[in-house]
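Each chain is listed here by its residues.
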Amino acid sequence: MSIDPQTRLKLSAGIASVLVAGTLVLVKLWALGATGALSIAASLADSALDLMMSLGAMAALFYAAKPADEDHAFGHSSVEDLTALAQALLVGISGVVIGWSAVVRLLNPGTAPLADEGTGIAVMVLSMALTFALVWWQGRIARRTGSRVVAADRLHYIGDLIPAAGAIVSLVASARFGIGQIDSIVALVAAGVLLVGALRIFKGAWDALMDRQAPPEVIEGIETLARNWPGVQGFHDLKTRTAGSRVFVHLHIELDGDLTLREAHDIGAGLRRTILLAYPQADVIIHKDVARKA
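Residues numbered from 1 in each chain as written. Predicted model: local features only at pLDDT ≥ 70, side-chain atom pairs only at ≥ 80, totals over all residues. Heavy atoms only, no water.

So, on to the pairing of strand β3 (residues 282–290). Bridge count between strand β2 (residues 246–255) and β3: 9 bridges; the pairing is parallel. Looking across to β3, one finds that Leu 251 is bridged to Ile 286. One crossover worth recording links β2 to the parallel β3 by way of helix α8 (residues 261–278), and it is right-handed. (Pairing = 2+ DSSP bridges. Helix = DSSP H or I, 4+ residues; strand = E, 2+ residues; numbered from the N terminus. Right-handed = clockwise from strand over helix to strand, strands pointing away.)

This part covers the environment of Ile 201. Tracing the chain through its elements places Ile 201 in helix α6 (residues 182–209). Overall, the relative accessible area of 7% leaves Ile 201 in the buried class. Measuring from C-alpha to C-alpha, the distance between Ile 201 and Ala 151 comes to 7.7 Å, with 50 residues separating the pair along the chain. Residues in contact with Ile 201, not counting those within four places in the same chain, are Ala 84, Ala 88, Ala 151, Ala 152 and Leu 155. (Buried < 20%, exposed > 50% of the residue type's maximum accessible area, 1.4 Å probe, protein only. Contact = heavy atoms within 4.5 Å.)

A few words now on the packing of helix α7 (residues 216–228) against α8. α8 packs onto α7 with a crossing angle of 150 degrees between their chain directions and a minimal axis gap of 10 Å. Between α7 and α8, the crossing angle belongs to the class labelled roughly antiparallel. As for the relative orientation of α7 and α8, their crossing is right-handed in sense. Counted together, Ile 222, Leu 225 and Ala 226 of α7 and Leu 271, Thr 274, Ile 275 and Ala 278 of α8 form the full contact between these two elements. A per-class count over the contact of α7 with α8 returns 6 nonpolar, 1 polar and no charged. (Axes fitted to C-alpha atoms, helices over the stretch in contact; angles between N-to-C directions. Parallel < 35°, antiparallel > 145°, perpendicular 65-115°, else oblique. Left-handed = near helix turned anticlockwise from the far one by under 90°. Nonpolar A, V, L, I, M, F, W, Y, C, P; charged D, E, K, R; others polar.)

Moving on, we come to the environment of Val 218. Summarising the element assignment, Val 218 is placed in helix α7. Under the relative-accessibility criterion, Val 218 is labelled buried at 10%. As a C-alpha pair, Val 218 and Tyr 279 span 61 residues in sequence and 8.0 Å in three-dimensional space.

Let's shift gears to the sheet that holds β2. Strand order in this open sheet of 3 strands is β1-β2-β3, and the pairing throughout is mixed. Looking at which strands have only one partner, the edges of the open sheet turn out to be β1 (234–243) and β3. The mean angle between the axes of side-by-side strands here comes to 10 degrees, regardless of whether they run parallel or antiparallel. Pairing geometry for β1 and β2, over 8 bridges, is antiparallel. Within β2, the position partnered with Lys 239 by the bridge is His 250.

Turning to a negative patch on the surface, a few remarks are in order. Residues Asp 256, Asp 258, Glu 263 and Asp 266 make up a contiguous surface patch of negative charge. As for its placement among the helices and strands, Asp 258 is situated in the loop between β2 and α8. The class for Asp 258 is exposed, based on a relative accessible area of 62%. (Patch = residues over 30% accessible without salt bridge, like charges linked within 9 Å, V, L, I, M, F, W, Y side chains within 5 Å. Areas by Shrake-Rupley, 256 points an atom, 1.4 Å probe, with all protein chains shown as cover. Salt bridge = Lys/Arg side-chain N within 4 Å of Asp/Glu carboxyl O. Lys, Arg positive; Asp, Glu negative; His and termini not counted. Charge placed at Lys NZ, Arg CZ, Asp CG, Glu CD.)

Here we take up the nonpolar core. Residues Ile 253, Leu 271 and Ile 275 are the most contacted members of the largest nonpolar core, which totals 19 residues. Listed by contribution, the elements that provide at least two residues to this core are α7, β2, α8 and β3. Take this core: its biggest share by element is 5 residues, from β2. If sequence neighbours within four positions are ignored, Ile 275 has contacts with Ile 222, Leu 225, Leu 251 and Val 284. (Core = buried A, V, L, I, M, F, W, Y, C linked by side-chain atoms within 4.5 Å.)

Below is the structure:
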């Protein structure tokens, strides 16, 4: 199966996500044994969830890359929206759990003292560095491909950065001042970030599954290209829908009825190529109609 450049980029993000999540689970497991820090335990649980979600996201990206077949004439890209929907739900649940745990810890001052804070700090700094690099790479790919799966995967890694920073602050506060509850406040902020982001990803995936039209700027751009294309005397019935990172476009153009079949074909083919150059994620079907004479 040949893989187009856009799909190759999305798969690279999925593979990087799995590798980073697996590495973080191992180093945080070691740090938890060394420090006994609840903040690291929470971060470890979050990384384990990240690993499961990243594996699911990568599987969805591989499935979405399958070419169209008899049963799926428009391809398999909708699986990206289904996966993003599931990820948004899990991220939202994770945000609620993190927020609730933070409140419980704030109300319970009897947290056990931490140990070997230096090891914990080093591990969390490494964790943040790896996560930041992954988030940067996923952000580039999400912007270039429009993949909701990559965007959803990126969201929960962004959510990891705040609790990780909170864990570092907590370990430093424990080492210097004997205070071990500061990360609970940071965790509440992280929970809010996760919930807001989850709602945004959920809405985007839901709209795509309900065949919502393409963004207004994409529709306006296609209309401008059709309106100004040589030989096109008018157009109508422009319909769009999104599925995963794909945008499906149906367009009727009006041509001079005296044109030869080859001339009419060349006009439509040229317009289609131009739309694809402007919007590489598009799948374009153009119908040719005879223009009404005044």
